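Observations on the model geometry
What follows is the residue order along each chain.
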Amino acid sequence: MAPEAGPGAPEADARPSRRARLLRTAAALVLIAATCFAVGGSLRGAGTEMAEAAGRPGGVLLLIAALLANAAGLVLSMLSWRVLVVDGGSTARTSDTARIFFIGVISKFVPGRIWGVLAHIQLGKAVGIAPERMIAAFGLGLVIGMTTGAAAGLLVAPAVFGAGAWVFAPLVLLAAAAVARPGWVGRLVAWTMRLARRPDGAAEGSPRALRLSIGWACASWAVSGLHLWAIVVLLGAPPLLSLPVCVGGFALATVAGSLAFVLPDGWGARELVLLAPLGAVMPLSAATAAVIASRLVCVLSEVAATGAALAWARAAGPLPTPRPALQEGAA
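Just so we're clear, the structure is a prediction, and the values are computed from it rather than from any experiment. (Residues numbered from 1 in each chain as written. Predicted model: local features only at pLDDT ≥ 70, side-chain atom pairs only at ≥ 80, totals over all residues. Heavy atoms only, no water.)

Here we take up the overall build of the chain. Within the chain one finds 12 helices and 0 strands. Reading the chain from its N terminus to its C terminus gives the helix and strand order α-α-α-α-α-α-α-α-α-α-α-α. Expressed as a percentage of the 331 residues in the chain, the buried residues total 43%. In the chain, of all internal contacts separated by at least 6 residues, the share reaching a separation of at least 24 is 77%. In the structure as shown, the chain presents an accessible area of about 16700 Å², 72% of it carried by carbon and sulfur atoms. (Helix = DSSP H or I, 4+ residues; strand = E, 2+ residues; numbered from the N terminus. Buried < 20%, exposed > 50% of the residue type's maximum accessible area, 1.4 Å probe, protein only. Contact = heavy atoms within 4.5 Å. Areas by Shrake-Rupley, 256 points an atom, 1.4 Å probe, with all protein chains shown as cover.)

So, in structure tokens, the structure goes:
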């Protein structure tokens, strides 16, 4: 039986509650401010290009298709991450995990990866997911996303290197071997967690979950890259030649932006990397316009997808009564 609360217990309980509310409010204000800054910066940078593109024949339809393609890619990325979260036995609703994932997406507008991790941990606690599981899923998802993105980036090799692209064949074989034997991903994250003095048992994802996550991640890269393809076709690039360049180039540029973690959402780094492959299939001026327009499409689709996820979680009703987040492996 739990001990009875003393006379001062209600006040003691109220103080942490008020602090928690203040912290949540402050975090929400920071995310809103960062999001407004990202949207405003993108509109200033790409407003002219987007207006001119929309005025071309079929321009509006292609721009809508670009927004939908990137939003669909984000949903596939969420499914890739969710597989890793529920692999630990969590029964969290899909709407709740989507809410956690997309709030993490928006948090990337704030410089530094730590904010996304903290958001995942705090939101995961509300639905009974252990912090170790959230940290492990974040690490596993990051490794899977970057390795599959780098593998998808090989699609730009024929357009950029021509006949010399065959030298990248061993990397394709290496990516295929990683899908066949995905255990190294869990071992890599477990080793990283040991260095960080965190429990590493949660990082040992099952082979089935890892393969599913890799499959969803590959599908995410393939679909999200179509937004860039719609933009470059609208700006006059040859459709067939530019398709693999857009899919692979966007994946490669996104990975480069993720490595530049001190920059909000990899601003600058992603655009610089993306210019090289696009320059192989269209004039540099048109490639520059496409890169700027891509940034705006990505920001708008991310904000829209986050709003949809929050509305979905709200429509799903109150969260189930949270259970204490157990340590991984606890009875």
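Let's pick the thread back up.
By size, the foremost hydrophobic cluster in this structure holds 28 residues, and its most contacted members are Trp-81, Phe-102 and Met-134. Residues within four places of Met-134 in sequence aside, it is in contact with Trp-81, Val-85, Ile-100, His-120, Ile-121, Gly-124 and Ile-129. Listed in part, the 23 residues of the second largest apolar core include Ala-66, Val-232, Ala-287 and Val-291. (Core = buried A, V, L, I, M, F, W, Y, C linked by side-chain atoms within 4.5 Å.)

With their axes 10 Å apart at the nearest point, helix H2 (residues 59-86) and helix H3 (residues 94-107) run at an angle of 110° to one another. With respect to H3, the axis of H2 lies roughly perpendicular. For the pair H2 and H3, contact is made by Leu-74, Val-75, Ser-77, Met-78, Trp-81 and Arg-82 and by Thr-94, Thr-97, Ala-98, Ile-100, Phe-101 and Phe-102, respectively. Class assignment of the residues belonging to the contact of H2 with H3 gives a composition of 8 nonpolar, 3 polar and 1 charged. (Axes fitted to C-alpha atoms, helices over the stretch in contact; angles between N-to-C directions. Parallel < 35°, antiparallel > 145°, perpendicular 65-115°, else oblique. Nonpolar A, V, L, I, M, F, W, Y, C, P; charged D, E, K, R; others polar.)

A turn of α-helix holds 3.6 residues, and therefore any two residues three or four places apart point the same way. Relative to the 20 Å expected for 14 residues at 1.5 Å per residue, H3 spans 20 Å between its end C-alpha atoms, a close match to the ideal helical length. When you tally the buried positions in H3, you get 12 out of 14 residues, the bulk of the element. Looking at H3, one finds that the buried residues are Ser-95, Asp-96, Thr-97, Ala-98, Ile-100, Phe-101, Phe-102, Ile-103, Gly-104, Val-105, Ile-106 and Ser-107. (Expected span 1.5 Å × (residues − 1).)

Applying the stated rule across the entire model yields 2 salt bridges. Of the charged contacts, one joins Asp-96 and Arg-93 as a salt bridge, the two residues approaching to 2.8 Å between their closest N and O atoms. The closest approach of N and O atoms between Glu-271 and Arg-295, which form a salt bridge, is 2.6 Å. On the criterion of sequence distance, the pair formed by Glu-271 in helix H11 (residues 269-278) and Arg-295 in helix H12 (residues 284-315) is long-range, its members being 24 residues apart. For the pair formed by Glu-271 and Arg-295, the shared burial category is buried. (Salt bridge = Lys/Arg side-chain N within 4 Å of Asp/Glu carboxyl O.)

What follows concerns the side chain of His-227. Mapped onto the elements of the fold, His-227 is located in helix H9 (residues 207-234). With residues up to four places along the chain from it excluded, the contact list for His-227 reads Ala-66, Ala-69, Asn-70, Phe-250, Ser-294, Val-297 and Cys-298.

Okay, the confidence of the model for the chain next. Predicted confidence across the chain gives a mean pLDDT of 74, with 60% of residues reaching 70 or more. Low pLDDT, under 50, characterises residues 1-16; the stretch is placed with 0 contacts to residues that sit more than four places away or in other chains. (pLDDT = per-residue confidence, 0-100.)

The subject of this paragraph is the packing of aromatic side chains. Taken as a whole and assessed by the stated rule, the structure comprises 2 aromatic pairs. Cluster of aromatic residues (ring-pair linked, three or more members): Trp-81, Phe-101 and Phe-102. (Phe/Tyr/Trp six-rings, centres within 6.5 Å; stacked < 30°, edge-to-face > 60°.)

On the surface, a nonpolar cluster with roughly 410 Å² of combined accessible area is contributed by Val-60, Leu-61, Ile-64 and Leu-68. The residue Val-60 is located in helix H2 in this model. (Patch = residues over 30% accessible without salt bridge, like charges linked within 9 Å, V, L, I, M, F, W, Y side chains within 5 Å.)

Mapping Ser-294 onto the fold places it in helix H12. Side chain to side chain, Ser-294 and His-227 meet in a polar contact 2.8 Å long. Ignoring anything within four residues of it in the chain, the contact list for Ser-294 reads His-227, Leu-228, Ile-231, Phe-250 and Arg-270. (Polar contact = N/O pair within 3.5 Å; in protein donor to acceptor, adjacent residues only side chain to side chain.)

This part covers the environment of Val-75. By the element assignment, Val-75 lies in helix H2. Overall, the relative accessible area of 38% leaves Val-75 in the partly exposed class. As for Val-75 and Ser-224, which are separated by 149 residues in sequence, their C-alpha atoms are 9.8 Å apart.

Turning our eyes to something else, we now look at the environment of Ala-72. Within the fold, Ala-72 resides in helix H2. Sequence spacing of Ala-72 and Ser-301 is 229 residues, and the spatial spacing of their C-alpha atoms is 9.2 Å.

Running from amino to carboxyl end, H2 crosses helix H5 (residues 131-152) at an angle of 140°, the nearest separation of the two axes being 9 Å. Of the possible angle classes, the one that applies to H2 and H5 is oblique. Considering the relative orientation of H2 and H5, their crossing is right-handed. Every residue of H5 that contacts H2 at Trp-81, Leu-84 and Val-85 is listed here: Arg-133, Met-134, Ala-137, Phe-138, Leu-140, Gly-141 and Ile-144. Of the residues contributing to the contact of H2 with H5, the split by class is 8 nonpolar, 1 polar and 1 charged. (Left-handed = near helix turned anticlockwise from the far one by under 90°.)

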